[in-house]
Amino acid sequence: APGEAEAELATLNARGYIDAVITDDVDAFIFGANTVIRTSNINTDGDHISIYTSQTFQDHPQVCLTVSRIFLIAILSGGDYSKGLPGCGIKIAHTISLRTTLGEELYTAAHTLPRQELTNYLNTWRKQLKAILLENPGNILGARYPAIAHAISCKFPDLTILQYYVNPSTSFSNDIESINIAELYNCSLTQPDLSTMAVWCEKYFSWYSNGSILDRFRSRVWSSICTRALMLPSIGIDVGIATHVLGNSYNTTESSRPHILKINRASLGPGPPSKHPNVWGYSVQIPTYLLIQSTLSKLELNITTAASTKSLNVWIPGPILEHAYPHLVACFHLDHKKHPQVLLPKVCLSADHHVQMWYPYILY
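What you see is a predicted model, and the numbers here were worked out from it, not measured in a lab.

## Looking at unusual backbone geometry
Consideration 1: Residue P157 follows F156 across a cis peptide bond; omega there is -10 degrees.
Consideration 2: Relative to the elements of secondary structure, P157 occurs in the loop between α9 (146-150) and α10 (159-166).
Consideration 3: Positive phi, normally seen in glycine, also occurs at N136, with a value near 50 degrees.
Consideration 4: If you trace the backbone, N136 turns up in the loop between α8 (115-135) and α9.
Consideration 5: Exposure remark for N136: the relative accessible area of 9% places this residue in the buried category.
Consideration 6: Non-glycine residue N139 carries a positive phi angle of around 55 degrees.
Consideration 7: What makes N139 partly exposed here is its relative accessible area of 47%.

The following block contains the structure:
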């Protein structure tokens, strides 16, 4: 992105190229995002995520936030580009944005006025803001805030900061409507380069030198690599790793996959029961030789027999595994019908033995 990542992603979201922006930064809405997914922490949130939309922000009776109001709150209480007015917190800024038109007026002026006219306009706008803080007309703020009013300088708000918000630098800054997003972004799902990651970790953390790199990659990296490989079109874990990391060509027929991937059990995930997981998936067993070879290929290749034969247990969300290995999942469910106390998703087998799962869950 030529500027802020949030601005670039918000623009892509507003123009319909992406469905949502994953961020903790509310500035994404100022830049025009319609949908924001808040970054989740698996340790505290489990599998729960928070999704916000500009429409729900606007419609909620206790929030009532439009783009211009969020813009004013950022200017008054501070954001990525400034600290705002000293003493003006989000609560006061929110009240001003709801009970005055200062936000709408400033947002429109910053968008439409040339720089000199905007400078002149801000003189009047500052007087209005100061009067509201000093006089609290109609008790719209619930109290007077003289200290905040006296903190307003002749340079507030900074013109450059206003432009950062209303005219951020993005790939669309020149209004090139014919821009080719396919050329601008490689939207295809590809595998991370394990060997390059390993070299980077050795350079900055000495994980290879101190002998911990395989244990660390096993606990922190490989599970995600395997899940991502299953999401590649018509490619399983073995083929995904080989093709996208090693650059080799492997047999992609589904009949070869059960020899690579074994389902241990069906379970809720991600995370242990203490994290209250709520998504059905499968614990699978995966050989690690290719993962080790990929990780160490740009370092000194020294794979011990013990390391290469020790398998990796990975939890995979049900829909992802079923999409990549439908027959393997079907066989697993058929086999586990023999065990009456195994909790599994409700399953239906089509004529070609393709498994179909739906909720709720049942006890076989």
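Let's pick the thread back up.
## Quick word on the environment of A109
Consideration 1: When you line up the elements, A109 lands in helix α7 (residues 102-112).
Consideration 2: With 12 residues separating them in the primary sequence, A109 and Y121 have C-alpha atoms 7.8 Å apart.
Consideration 3: Aside from chain neighbours lying at most four places away, what touches A109 is L118 and Y121.

## Here we look at the sheet that holds strand β4 (residues 262-269)
Consideration 1: The sheet built from 3 strands is open, its strands ordered β4-β5-β6 with antiparallel pairing. Whereas interior strands pair on both sides, the edge strands pair on one side only; in this sheet they are β4 and β6 (312-317). On average, adjacent strands in this sheet sit at an angle of 30 degrees to one another, irrespective of strand direction.
Consideration 2: Here strand β5 (residues 279-286) runs beside β6; their pairing, made up of 6 bridges, is antiparallel. The residue bridging Y282 from the neighbouring strand is I316, located in β6.

## Topic: the pattern of salt bridges
Consideration 1: In this structure the tally under the stated criterion is 3 salt bridges.
Consideration 2: When the shortest N-O distance is used, the salt bridge between D24 and R38 registers 3.7 Å. Within this pair, whereas D24 is found in the loop between β1 (21-22) and α2 (27-30), its partner R38 is found in strand β2 (residues 35-38), the two being separated by 14 residues in sequence.
Consideration 3: Take D24: its relative accessible area is 55%, and that puts it in the exposed class.
Consideration 4: According to the relative accessible area criterion, R38 is partly exposed, its value standing at 46%.
Consideration 5: Residue E104 is joined to R69 by a salt bridge in which the shortest nitrogen-to-oxygen separation is 3.2 Å. Pair noted here: E104 is in helix α7 and R69 is in helix α5 (residues 67-77), with a separation of 35 residues, a long-range link.
Consideration 6: Judged by relative accessible area, which is 26%, E104 ranks as partly exposed.
Consideration 7: For R69, a relative accessible area of 19% corresponds to the buried category.

## A word on the packing of aromatic side chains
Consideration 1: Scanning the model with the defined rule gives 13 aromatic pairs in all.
Consideration 2: Pairing F71 with Y107 gives two aromatic rings, centres 5.3 Å apart and planes at 70 degrees, and the pair type is edge-to-face. Taken together, the residues F71 in helix α5 and Y107 in helix α7 connect sequence positions 36 residues apart.
Consideration 3: Seen in terms of ring centroids, Y282 and F332 are 5.7 Å apart; in terms of plane orientation they differ by 90 degrees. Their pairing is edge-to-face. Here the residue Y282 occupies a position in strand β5, and F332 occupies one in helix α19 (residues 326-336), the gap between them amounting to 50 residues.
Consideration 4: Residue classification places F332 among the buried positions, given a relative accessible area of 7%.

## Side note on the sheet that holds strand β3 (residues 50-53)
Consideration 1: Strand order across the open sheet formed by 3 strands is β1-β2-β3, with mixed pairing between neighbours. Each end of this open sheet is capped by a strand with a single partner; those strands are β1 and β3.
Consideration 2: Pairing of β1 with β2, which is carried by 2 bridges, proceeds in the parallel orientation. Paired with I22 across the bridge in β2 is I37.

## So, the packing of helix α14 (residues 222-231) against helix α16 (residues 289-296)
In a pair of packed helices, the angle between the axes and the distance between the axes together describe the arrangement.
Consideration 1: Their axes nearest at 12 Å, the elements α14 and α16 cross at an angle of 110 degrees. One finds that α14 runs roughly perpendicular with respect to α16. Handedness of the α14/α16 crossing: right-handed. For the pair α14 and α16, contact is made by W222, I225 and C226 and by L291, I292 and T295, respectively.
Consideration 2: Taken together, the residues of the contact of α14 with α16 break down into 5 nonpolar, 1 polar and no charged.

## Overview of the environment of N139
Consideration 1: Note on placement: N139 falls in the loop between α8 and α9.
Consideration 2: At 2.8 Å, the side chain of N139 and the side chain of N136 are in polar contact.

What counts and how
Residues numbered from 1 in each chain as written. Predicted model: local features only at pLDDT ≥ 70, side-chain atom pairs only at ≥ 80, totals over all residues. Heavy atoms only, no water. Helix = DSSP H or I, 4+ residues; strand = E, 2+ residues; numbered from the N terminus. Buried < 20%, exposed > 50% of the residue type's maximum accessible area, 1.4 Å probe, protein only. Contact = heavy atoms within 4.5 Å. Pairing = 2+ DSSP bridges. Axes fitted to C-alpha atoms, helices over the stretch in contact; angles between N-to-C directions. Salt bridge = Lys/Arg side-chain N within 4 Å of Asp/Glu carboxyl O. Phe/Tyr/Trp six-rings, centres within 6.5 Å; stacked < 30°, edge-to-face > 60°. Parallel < 35°, antiparallel > 145°, perpendicular 65-115°, else oblique. Left-handed = near helix turned anticlockwise from the far one by under 90°. Nonpolar A, V, L, I, M, F, W, Y, C, P; charged D, E, K, R; others polar. Polar contact = N/O pair within 3.5 Å; in protein donor to acceptor, adjacent residues only side chain to side chain.

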